Amino acid sequence: MPPRHLRASLAGFGAYTPGQQPPDGEGWVKLNTNESPWPPSPAVLDAIRAAVDENLRLYPSPTAQAAREAIARHHGLGPESVAMGNGGDELIELAFRAFAGAGDRVALPAPTYPLLPPVAAMHENRVAIHALSPDWSLPETYFADPAPLRFLVNPNSPTGTWVGRPEVARAAATAPGVLVLDEAYVDFALEDRIDLLHEGVENLLILRTFSKSHALAGMRIGYALGHPDLIAALDLVKDSYNLGRLAIAAAVAAIADLGHHDRLVAFVLGERAWLGERLRGRGFEVLPSATNFLFVKPPTSHPASRLHEALRRRRVLVRHYEQEPVAGWFRVTVGTRHQHETLLDALQEVMH
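Peer 1: I keep staring at the overall build of the protein chain and nothing clicks. Help me out?
Peer 2: Within the protein chain, the regular secondary structure consists of twelve helices and twelve strands. Its C-alpha atoms give the protein chain a radius of gyration of 20 Å, near enough to 20 Å, the size a compact globule of 352 residues would have. Considering only C-alpha atoms, the protein chain reaches an extent of 60 × 50 × 50 Å along its principal axes. For the protein chain, the proportion of contacts with a sequence separation of at least 24, taken over those separated by at least 6, is 71%. Of the roughly 15,700 Å² that the protein chain leaves accessible, carbon and sulfur atoms contribute 53%. Taking the 33 positively charged and 39 negatively charged side chains of the protein chain as two groups, their mean positions are separated by 5 Å.

Peer 1: Quick question: what am I supposed to make of the side chain of E271 here?
Peer 2: Tracing the backbone shows E271 in helix α10 (residues 258-281). In this structure E271 comes out as buried when scored by relative accessible area, which is 7%. When neighbours within four sequence positions are excluded, E271 is seen to be in contact with V334, G335, T336, R337 and H340.

Peer 1: I'm lost on the side chain of D145 in this one. Help?
Peer 2: Within the secondary structure layout, D145 lies in the loop between α5 (140-144) and β5 (149-153). Among the polar contacts listed, one links the side chain of D145 to the backbone nitrogen of A147, at a separation of 2.8 Å. Apart from the residues lying within four places of it in its own chain, the contact partners of D145 are R105, A107, A128, H130, R150 and P176.

Peer 1: How should the environment of W274 be read in this particular structure?
Peer 2: Secondary-structure assignment places W274 in helix α10. Judged by its relative accessible area of 17%, W274 is buried. Not counting residues within four places of it along the chain, the set of residues in contact with W274 comprises R337, H340, E341 and L344.

Peer 1: Any chance you could explain the sheet that holds strand β3 (residues 105-110) here in plain terms?
Peer 2: Two strands in a sheet stick together by hydrogen bonds in their backbones, pointing the same way (parallel) or opposite ways (antiparallel). Here we have seven strands laid out as an open sheet, ordered β2-β8-β7-β6-β5-β3-β4, and mixed in their pairing. Both edges of this open sheet fall to β2 (82-85) and β4 (126-131), since each of them pairs with a single strand only. Strand-to-strand, the axes of this sheet are offset by a mean angle of 20°, without reference to chain direction. Looking at chain direction, β3 and β5 are connected through two bridges and run parallel.

Peer 1: What is the right way to read the packing of aromatic side chains from this model?
Peer 2: Geometrically, a pair of aromatic rings is defined through the distance of the ring centres and the angle of the planes. Applying the stated criterion across every chain, the model contains eight aromatic pairs. With a centroid separation of 5.3 Å and an interplanar angle of 40°, the aromatic rings of W38 and F267 are classed as tilted. With W38 in the loop between β1 (29-31) and α1 (42-51) and F267 in helix α10, the pair connects residues that are 229 residues apart, well separated along the chain. You can call W38 partly exposed: its relative accessible area is 26%. Judged by its relative accessible area of 23%, F267 falls in the partly exposed class. For the ring pair Y59 and Y241, a centre distance of 4.5 Å and an interplane angle of 5° mean the geometry is stacked. Of this pair, Y59 sits in the loop between α1 and α2 (65-75) while Y241 sits in the loop between α8 (228-237) and α9 (245-256), and the two are 182 residues apart along the sequence. A network of ring pairs unites the aromatic residues F295, Y321 and W329 as a single cluster.

Peer 1: What should I look at first to understand the nonpolar core in this one?
Peer 2: General note: in soluble globular proteins, nonpolar side chains tend to be found buried as a group. Counting 48 residues, the largest nonpolar core has M84, F210, I221 and L225 as the members making the most contacts within it. Considering every element that reaches this core, the biggest residue donor is α9, with seven residues. In this view, M84 contacts T63, A64, A67, R68, I71, L91, I221, G222, Y223, N242 and L243; residues no more than four positions away in its chain are not counted. One finds L115, F151, L230 and A233 within the second-largest nonpolar core, a separate group that totals 27 residues.

What counts as what
- All residue numbers refer to positions counted from 1 along the written sequence of the respective chain.
- The predicted nature of this model means local features are confined to residues of pLDDT at least 70 and side-chain atom pairs, given and counted, to a pLDDT of 80 or more, with totals for whole chains, interfaces and linings taken over all residues.
- Only hydrogens and water are set aside; all other atoms, that is, all heavy atoms of the structure, feed into the side-chain values.
- A run of H or I in DSSP counts as a helix once it spans at least four residues, and a run of E counts as a strand once it spans at least two, with each numbered from the N terminus.
- As defined in this context, the radius of gyration uses C-alpha atoms, and a globule is described by 2.2 Å times the residue total to the power 0.38.
- Two residues qualify as a contact provided that any one of their heavy atoms is within 4.5 Å of a heavy atom in the partner residue.
- For the accessible areas, the method is Shrake-Rupley and the probe is 1.4 Å, while residue cover comes only from the protein chains on display.
- Charged residues are defined here as Lys and Arg on the positive side and Asp and Glu on the negative side; His and the ends of the chain fall outside this count.
- The atoms used to mark charge sites are NZ of Lys, CZ of Arg, CG of Asp and CD of Glu.
- To sort residues, take the accessible area from a 1.4 Å probe on protein chains only and compare it with the maximum for the residue type: under 20% means buried, over 50% means exposed, and anything in between is partly exposed.
- Counting of polar contacts relies on pairs of N or O atoms within 3.5 Å, with two restrictions inside protein: one atom must be capable of donating a hydrogen and the other of accepting it, and residues adjacent in sequence are counted only when both atoms are side-chain atoms.
- Here, any two strands with at least 2 DSSP bridges between them count as paired.
- Fitted lines through C-alpha atoms give the axes, limited to the stretch in contact for helices. The angle between two N-to-C directions lies from 0 to 180 degrees.
- Between rings of Phe, Tyr and Trp, where Trp is taken as its six-membered ring, a pair exists when centres lie within 6.5 Å; planes separated by under 30 degrees are stacked, by over 60 edge-to-face, and by other angles tilted.
- Residues grouped as a nonpolar core are buried Ala, Val, Leu, Ile, Met, Phe, Trp, Tyr and Cys residues, joined through side-chain atoms within 4.5 Å.

Structure (structure tokens):
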């Protein structure tokens, strides 16, 4: 039975379910939510501590201007081409607010980030699903869709796969409205698509996050890059003060510490290859990954649901998918070597 007073359009609504978050300090091996295996940069922690002062009684900059300017410099853009959000998820919400009204069509590949369909439902959009091809590439129907708003998560979640420049450029060129390109995981891929913005593509909005390669998932900081007209549209519909003073200070410090960022990314890439090789050795199907996680399928002799629960009983968490087209797959965050060895030891116990 739906909650009382819920609006009629949300009858049967299914909310997005985040990965399990056990209490801190209970000894779980947490490889289910794609957090960083490393802590944030020491410079970021210093900046946050320095920002904890009497000025916390004052509202922050409503535009998070210092963060916009630092991010703009990093990407070779103007501050008017940067918007800030309370995580990448808020920027997704703002894109729906700004670019697709009730009854408008929104085009989504499938599988994709599971948050997108629920947000579309909340905005009473008509969702057009375009199943990815067997090789995980975009189907022709996606490029032909007349929706005023398209989403493309690249690298993709949950599969970890990546499409190259020609497909992204074509997706923008054929879009009658806005293409939102979610690059939350792009720092672990071969390249990003900032080049299209520098070339003047005006209907492309790129989303980024500090949660993955900057190790700041707990701060909830995201940003969008795009033509000033798109950024102005996001600003028009955002909350008044959507980033606090501590988050703004953290963003400025994080984007400046390229050394910490690059070392973290290199570590993840090395561990990704190490873990993938060993999971293949245990009979798992492992998709090529351009992210900080692996998308894997257990051998048919070990049903995923049973294996997932057996791991959970041993306090090892991975993300398990039960709905097609990815039913029976796991998404495994790239963690530390110790976490990987604990996972592999647990698999050895339950798969013998």
